[in-house]
Amino acid sequence: RSGQGHDVTQAVTSLAPVYMTNAVNGQAAVIFDGTNDYLAGQVGGISGAVSVIVVCRFDKLTQPSGDSDFVMRIGESTALRHMSISRCATGYAADWDNAYYSWMGSGSYRGPVLTGQQWMVVSVVHGGTGTTHAVWVNGEWQAAQQYSGTLQLSGALEIGRFANGGTPNHWFDGQVAELLVYDRALEGQDRASIDAY
């Protein structure tokens, strides 16, 4: 909202049991069991650029076949114009095993390998036209595929799963300690300062 980041875990409602533990710098993290845990809410007013920063941990060292772990998604899944942050299942496509994976616009896009069983800061910045897709992991810029189309991000926010109509849900097996959403493309120093924090 208005270019300010918000810890959305304070604003969403739990629809399944979610557990807390001291995990990152003595702060609580939400644990998702990979079976049925998720948080859900609504996001409004995002019509252009968006930046998402998440502190997360994938509990599996390697993603099994057919099991993409979706940390979060924003927007209406039926329109296929949302964006997500996830780690790709093994065997999905050549060179995609354990890779950053975002399903948005008109297809899926990948980036760097996301290592399991360690905490990381994943920062994603999307431009307002839907053609700029930048990814940082632990403050380091990573190459990522670009995409075309316009994102429609006002709508559902889910943390811990991806649901798309009649297809099977993809659940997150891991932990989230922080999730910030900005309705603008964070510039270099702003993003770096938040990552460092």
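In what follows, the accompanying structure is described. The structure presented is a predicted model; accordingly, all values stated were derived computationally and were not measured.

As a working rule, side chains carrying opposite charge can pair if their charged atoms are close by. A full pass over the atoms with the stated rule returns seven salt bridges. With a shortest N-O distance of 3.6 Å, Arg184 and Asp190 are connected by a salt bridge. Between Asp195 and Arg191 there is a salt bridge whose closest N-O contact spans 2.6 Å. One end of the pair is Asp195 and the other is Arg191, both in helix α1 (residues 188–196) and four residues apart, which spans about a single turn. Classification of Asp195 as buried rests on a relative accessible area of 13%. In the salt-bridge network here, residues are joined through shared partners; they are Lys60, Asp67 and Asp173.

In this section: unusual backbone geometry. The phi angle at Asn98 is positive, at roughly 65 degrees, despite the residue not being glycine. Looking at the secondary structure, you find Asn98 in the loop between β8 (83–87) and β9 (99–104). In the Ramachandran plot, Asn138 falls in the positive-phi region, its phi being about 55 degrees despite a non-glycine side chain. The residue Asn138 is located in the loop between β12 (133–137) and β13 (140–142) in this model. The class of Asn138 is partly exposed, set by a relative accessible area of 42%.

In total, this model carries eight aromatic pairs according to the counting rule given. Judged by centre distance (5.8 Å) and plane angle (55 degrees), the ring pair of Tyr38 and Trp171 falls under tilted. With Tyr38 in the loop between β4 (27–33) and β5 (39–43) and Trp171 in strand β16 (residues 170–171), this residue pair connects regions lying 133 residues apart in the sequence. The two residues Tyr38 and Trp171 agree in class, both being buried. An aromatic cluster is built from Phe70, Tyr92, Trp96, Tyr101 and Phe162, whose rings are joined through pairwise contacts. A cation over an aromatic ring shows up here: Arg161 above the ring of Tyr38, its NZ or CZ 3.9 Å from the ring centre. Above the face of the Trp136 ring, Arg191 is positioned so that its terminal group lies 3.9 Å from the ring centre.

Of all eight residues that make up strand β11 (residues 119–126), seven are buried, and the element is covered over most of its length. By the bridge criterion, eight bridges tie strand β6 (residues 50–58) to β11 in an arrangement that is antiparallel. When the sheet's bridge partners are listed, Val50 is paired in β11 with His126. Taken together, the five bridges between β11 and β12 define a ladder with antiparallel strand orientation.

What α1 keeps buried is the set Arg191, Ile194 and Asp195. Around the axis of α1, the buried residues are gathered within 100 degrees of arc, so they sit on the same side. Among the exposed residues of α1, those pointing more than 90 degrees away from its buried face are Gln189 and Ala196. On the buried face of α1, the contacting elements are β6, β11, β12 and β17 (173–182).

Turning our eyes to something else, we now look at the side chain of Asp173. Relative to the assigned elements, Asp173 resides in strand β17. Under the relative-accessibility criterion, Asp173 is labelled buried at 15%. Reaching out from Asp173, the side chain makes a polar contact with the side chain of Lys60 at a distance of 2.7 Å. In this structure, Asp173 is in contact with Phe32, Asp33, Gly34, Arg57, Phe58, Asp59, Lys60 and Asp69, ignoring residues within four places of it in sequence.

This paragraph deals with the nonpolar core. In this structure, Val52, Val71, Met72, Ile74, Met83, Ile85 and Val122 are the most contacted members of the largest nonpolar core, which totals 33 residues. In terms of residues, this core owes the most to one element, β6, which gives five residues. If we skip the residues at most four places from it in the chain, Val122 touches Val52, Ile53, Val54, Cys56, Ile85, Tyr100, Leu114 and Trp136. Membership of the second largest hydrophobic core comes to seven residues, among which are Ile53, Val55, Leu180 and Ile194.

Here is what the cut-offs are and how they apply
Residues numbered from 1 in each chain as written. Predicted model: local features only at pLDDT ≥ 70, side-chain atom pairs only at ≥ 80, totals over all residues. Heavy atoms only, no water. Salt bridge = Lys/Arg side-chain N within 4 Å of Asp/Glu carboxyl O. Helix = DSSP H or I, 4+ residues; strand = E, 2+ residues; numbered from the N terminus. Buried < 20%, exposed > 50% of the residue type's maximum accessible area, 1.4 Å probe, protein only. Phe/Tyr/Trp six-rings, centres within 6.5 Å; stacked < 30°, edge-to-face > 60°. Lys NZ or Arg CZ within 6 Å of the ring centre and 35° of its normal. Pairing = 2+ DSSP bridges. Arc of directions from axis to C-beta. Contact = heavy atoms within 4.5 Å. Polar contact = N/O pair within 3.5 Å; in protein donor to acceptor, adjacent residues only side chain to side chain. Core = buried A, V, L, I, M, F, W, Y, C linked by side-chain atoms within 4.5 Å.

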